[in-house]
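# Coordinates in review
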Amino acid sequence: MTVIPCTKKGQIHMMETLLVLFMCMLLLLGGIYFYFTYSTSSLEQTAESLTEEEATVLLNTLINSAEFSCPGKKNCIDLIKVYAFLKMSRSHKEAYQGYWGNKKIVLGHLYPQPLEEHSCSLSDFEQTEFPFNCKETVLYEGGKGYGYLINSPVSLYYLEHYYIGVLSIYVY
């Protein structure tokens, strides 16, 4: 058995090689970290903009849908259809959960000024003071928390009269 003598010059070259490999690994790991941090923030921004686009499309779809719109009018919501929708949706809320998701959809009554400051219930629709007896109608509530608001002015139609309202979508 032969013993290979250790020299300082060989040890120095070995240490240099290990140091270079270590520095290359640090640079590579740092690059990977910054790449994934950037791509994650980019994906979050894309998801937020897509959710905002989805809410805007939903807002336009609701305003002009057959379930709510006035016959032959654009940007007009028939309050009698809203009443019928609220009666029907009480028993089918889970069907709308999959379609509308984690949002709150509110129809606000702006002009003429409502006499009372509470949300409309089904019993408010049956009173003679309607639509002056409540300030808003919650069409759907699928979540709570913080988010952003998208809204659009609409014309409200009820018994041969037009009023001014706003359709709002809170996205959570």
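Now for a description of the structure that goes with this document. (Residues numbered from 1 in each chain as written. Predicted model: local features only at pLDDT ≥ 70, side-chain atom pairs only at ≥ 80, totals over all residues. Heavy atoms only, no water.)

## Observations regarding the environment of L86
When you line up the elements, L86 lands in helix α2 (residues 79-89). What L86 contacts, discounting residues up to four positions off in sequence, is L122, F125, T137, V138 and L139. (Helix = DSSP H or I, 4+ residues; strand = E, 2+ residues; numbered from the N terminus. Contact = heavy atoms within 4.5 Å.)

## Comments concerning α2
Those residues of α2 that sit buried are L79, V82, Y83, F85, L86 and S89. One side of α2 carries all its buried residues, which in axial view fall inside an arc of 165°. Structurally, α2 contributes buried residues whose contacts are with β1 (76-78), α3 (93-100), β2 (103-111), α4 (122-125), β3 (136-141) and β4 (148-158). Regarding α2, its N-cap is D78, as a side-chain oxygen of that residue lies 3.1 Å from the backbone nitrogen of I80 further along. (Buried < 20%, exposed > 50% of the residue type's maximum accessible area, 1.4 Å probe, protein only. Arc of directions from axis to C-beta. Polar contact = N/O pair within 3.5 Å; in protein donor to acceptor, adjacent residues only side chain to side chain.)

## Overview of the sheet that holds β2
Pairing within the open sheet is mixed, and its 5 strands lie in the order β1-β4-β5-β2-β3. Of all strands in the sheet, those bounded by a partner on one side alone are β1 and β3. The sheet shows a mean angle of 30° between the axes of neighbouring strands, taken without regard to direction. Pairing of β2 with strand β5 (residues 161-171) involves 8 bridges; the strand directions are antiparallel. (Pairing = 2+ DSSP bridges. Axes fitted to C-alpha atoms, helices over the stretch in contact; angles between N-to-C directions.)

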